[in-house]
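Below, each chain spelled out in residue letters.
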Number of protein chains: 2
Amino acid sequence: MNAESDNEKVLLAHGSGGRLMHELIESFLGELRNPLLERMDDSAVFDSPGHRLAFTTDSYTVSPLFFPGGDIGRLAVCGTVNDLAMSGARPLYLSLAFIIEEGFALADLKKVLRSIKEAAEEAGVKVITGDTKVVNRGKADGLFINTSGIGIVPEGVEVSASRAAPGDMVIVSGNLGEHGIAVLSQREGLRFEIPVASDTAPLNGLVGEMLGASPNIHCLRDPTRGGLAATLNEFARSSRVGIRIEEEKIPVDGAVLAACEMLGLDPLYIANEGKLVAIVAPQDAAIVLAAMKRHRYGRNAAIIGEVVAARSGEVMLKTRFGSSRIIDMPAGELLPRIC
Amino acid sequence: MNAESDNEKVLLAHGSGGRLMHELIESFLGELRNPLLERMDDSAVFDSPGHRLAFTTDSYTVSPLFFPGGDIGRLAVCGTVNDLAMSGARPLYLSLAFIIEEGFALADLKKVLRSIKEAAEEAGVKVITGDTKVVNRGKADGLFINTSGIGIVPEGVEVSASRAAPGDMVIVSGNLGEHGIAVLSQREGLRFEIPVASDTAPLNGLVGEMLGASPNIHCLRDPTRGGLAATLNEFARSSRVGIRIEEEKIPVDGAVLAACEMLGLDPLYIANEGKLVAIVAPQDAAIVLAAMKRHRYGRNAAIIGEVVAARSGEVMLKTRFGSSRIIDMPAGELLPRIC
């Protein structure tokens, strides 16, 4: 994929195991070069990095593929890195599998590969194995990407959605709703007075700082599909506790609030791709919050509520006006193809 | 997904992070239940099983989803298990990621899940982490599956496409071309006198027997896309050797030969999903072959040729008539969507 090929399209033959596929893979290698990937065997073989490992997978079907603040490539790296980080793991290795629609522009594929390379470098992970399939025109939507990831869980780290305990504090790492609004506005051709960019970012560095500050981080999750509402409901159910949050403490940028009001959306249900929710033992909440605020991806971190014993499995919001309402698990369609 | 839901379809809301998605995931858990999967955290965390690990990924886009001898579910397990086995690894854990087209029948999803469960049991692997995305009608082709896999490489095992040496023998594990012909005939509605069923099968047991018989297995690969021709060309290039094979020694079933003749296809270029090609040191070729023939997936194994120093990077076929021709890397389209 050099300059001459910028008008070229992906052909079915690029996925057929033959010469064109090998040329395409060579160009991937050019972007992502490392010794494990270059061996080109059926699997990558590596020395086990530790005693406890984490393994996760995600397919990315975001539409459109390019949006303010990111693209499907950056998303595919950050999303899987973040799933590993949310288990307390240090992400190390990624797999990368493309499903490409016949006719997709090679120049766009090159752009996505560059984003993958940059995001992997930022996160400190290596792509060590991959796969490419090409399907007929009309049988996919341009490009789908799957990344799976392997990380190492350091000794003593025990993070799980089931570990929230009454008295624990609820912390979010920053302003909510930016990814969902950015993708939606790009897709629908909406123009807001202040444009909203996706927050897509790798959070493993931030999690490293938090775990360095305290071993008493009980739950971590990135509120992607279903937003903060889904994540807190998952914590409440898995841990069999209630969770109380306060609307006025939840950080949301003015531009996102304005867009949500215009579209009739609730920022608590909008997807994020560079934010996390942490449940932390009360005695360590302040030092964890301080560590987060020192990190570039945690500057707007805030304590937004607490875990309670009452109303097990439920999430309650105290509104700006002092009333209370239940924040339910999202039921319906929300925003499809956001990740 | 109980009996009442057999007429139900997958909705966009099944992929939106909300209540319907959690119900769908619960039904997956019902089929694939194991303690690691049930934790439902962002990653599965497990104890490292050994010093050297293998990691691989594959997306499956086969069309049609159901074909004689298998379906996309069995294929998605066996394909990734085999990629691990071809690195000499014992496959242990799989991830499982679905991209589902809105409107896909839940009953078909249930069938695919059952196939996944059965194939995973046969191969002795566990699905420990997963993901589900739903895309709008017309933006995918029913169902795509990605599986990634982790295995352990036993001490002393050193298998790579770059290890073929002059004098080594070339062994195939059985009759070629069955998967490609089965899928093609189902897709095109072709009826042959003797129907051809896909060979889709997990080969880790067979590889275990082979490695038990000899440590001198230099290369292993399953000849999927591009068939035997692509695999041998990859070996010849990676190892910088020539490979000579003899047409009359290559096992091909009569029904496949007949179908290939009718369709103008060459069985050497047709995909297999339950066969392997091994390059073995000459002194151990006979005992490896004997071990293969004792295994259910190696009964028709045969030595088909040898590795030579001359004509580095090339594969030469001695035909039934005594003439020689070069077997090139497949260049063109072959049979798309075969895996």
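Residues numbered from 1 in each chain as written. Chains lettered and ligands numbered in written order. Predicted model: local features only at pLDDT ≥ 70, side-chain atom pairs only at ≥ 80, totals over all residues. Heavy atoms only, no water.

What to know about the pattern of salt bridges
How we decide: A side-chain nitrogen of Lys or Arg and a carboxyl oxygen of Asp or Glu constitute a salt bridge if their distance falls within 4 Å. By the criteria applied, helices consist of DSSP H or I runs no shorter than four residues and strands consist of E runs no shorter than two, each listed in order from the N terminus. The buried label goes to any residue with under 20% of its type's maximum accessible area, the exposed label to any with over 50%, and the partly exposed label to all in between, with areas taken from a 1.4 Å probe on protein chains only.
If you walk through the whole model with that rule in mind, you get 38 salt bridges over all chains. Here E31 of chain A and R114 of chain A are joined by a salt bridge, their closest N and O atoms 3.6 Å apart. Within this pair, whereas E31 of chain A is found in helix α1 (residues 19-32), its partner R114 of chain A is found in helix α4 (residues 106-123), the two being separated by 83 residues in sequence. Classification of R114 of chain A as partly exposed rests on a relative accessible area of 43%. Close ionic contact of K275 of chain B with E178 of chain B constitutes a salt bridge, the shortest N to O distance being 3.4 Å. One end of the pair, K275 of chain B, is in the loop between α8 (254-263) and β11 (277-280); the other, E178 of chain B, is in helix α5 (residues 178-188), with 97 residues separating them in the sequence.

So, the relation of the copies chain A and chain B
Formally: Here the copies are matched by least squares. The fit uses the C-alpha atoms of residues with pLDDT of at least 70 in both. In this analysis, two residues are considered to be in contact whenever any of their non-hydrogen atoms come within 4.5 Å of each other.
Each copy of the sequence occupies a distinct position, and chain A is placed on chain B by a rotation of 180 degrees and an axial shift of 0.0 Å, giving an RMSD of 0.0 Å. Classification of the inter-copy transformation places it as that of a two-fold axis. Residue A140 of chain A, judged by its C-alpha, is the member of chain A lying nearest the rotation axis, at 2.1 Å. When the interface residues of chain A are mapped onto chain B, 100% of them again fall at the interface, so both copies present the same face.

Describing α4 of chain A
All names here are of chain A. For the record, the criterion: Here the expected span of a helix is defined as 1.5 Å times the quantity of residues minus one.
For α4, built from 18 residues, the straight-helix expectation of 26 Å at 1.5 Å per residue is met to within 8% by its first-to-last C-alpha distance of 26 Å. Within α4 the residues assigned to the buried category are L106, L109, K110, V112, L113, S115, I116, A119, A120 and A123. In the segment just after α4, G124 is the residue with positive phi, at about 75 degrees.

Overview of the confidence of the model for chain A
To keep it simple, the criterion reads: Each residue gets a pLDDT score, which is the predictor's confidence in that residue and runs from 0 to 100.
Of all residues in chain A, 98% attain a pLDDT of 70 or more, and the chain-wide mean is 93. Complex prediction metrics read pTM 0.95 and ipTM 0.94.

Some words on the interface of chain A and chain B
Worth spelling out the cut-off: Once two parts are brought into contact, the accessible area they lose, counted with a 1.4 Å probe and summed over both, makes up the buried area. N or O atoms closer than or at 3.5 Å make up a polar contact, with two conditions inside protein: a donor-capable atom paired with an acceptor-capable one, and, for residues adjacent in sequence, both atoms drawn from side chains. Residues are grouped as follows: Ala, Val, Leu, Ile, Met, Phe, Trp, Tyr, Cys and Pro are nonpolar; Asp, Glu, Lys and Arg are charged; all remaining types, including Gly, are polar. In this analysis, strands are considered paired if DSSP registers two or more bridges between them.
Opposite the 80 residues of chain A that make contact, chain B presents 80 residues. Taken together, both faces of the contact between chain A and chain B bury some 6100 Å²; the carbon and sulfur share is 51%. Looking at the side of chain A facing chain B, the largest losses of area belong to D42, F55 and R225 of chain A, adding up to 14% of the total buried there. On the surface where chain A and chain B come into contact, there are eight salt bridges. A salt bridge links K133 of chain A to D58 of chain B; the shortest N-O distance between them is 3.3 Å. The interface formed by chain A and chain B contains 38 residue pairs in polar contact (both at pLDDT 80 or more). Its residues assigned to classes, the side of chain A that touches chain B comprises 35 nonpolar, 26 polar and 19 charged. As paired elements, strand β2 (residues 52-60) of chain A and strand β1 (residues 44-47) of chain B share four bridges and run antiparallel to each other. Bridge pairing in β1 of chain B places L53 of chain A opposite F46 of chain B.

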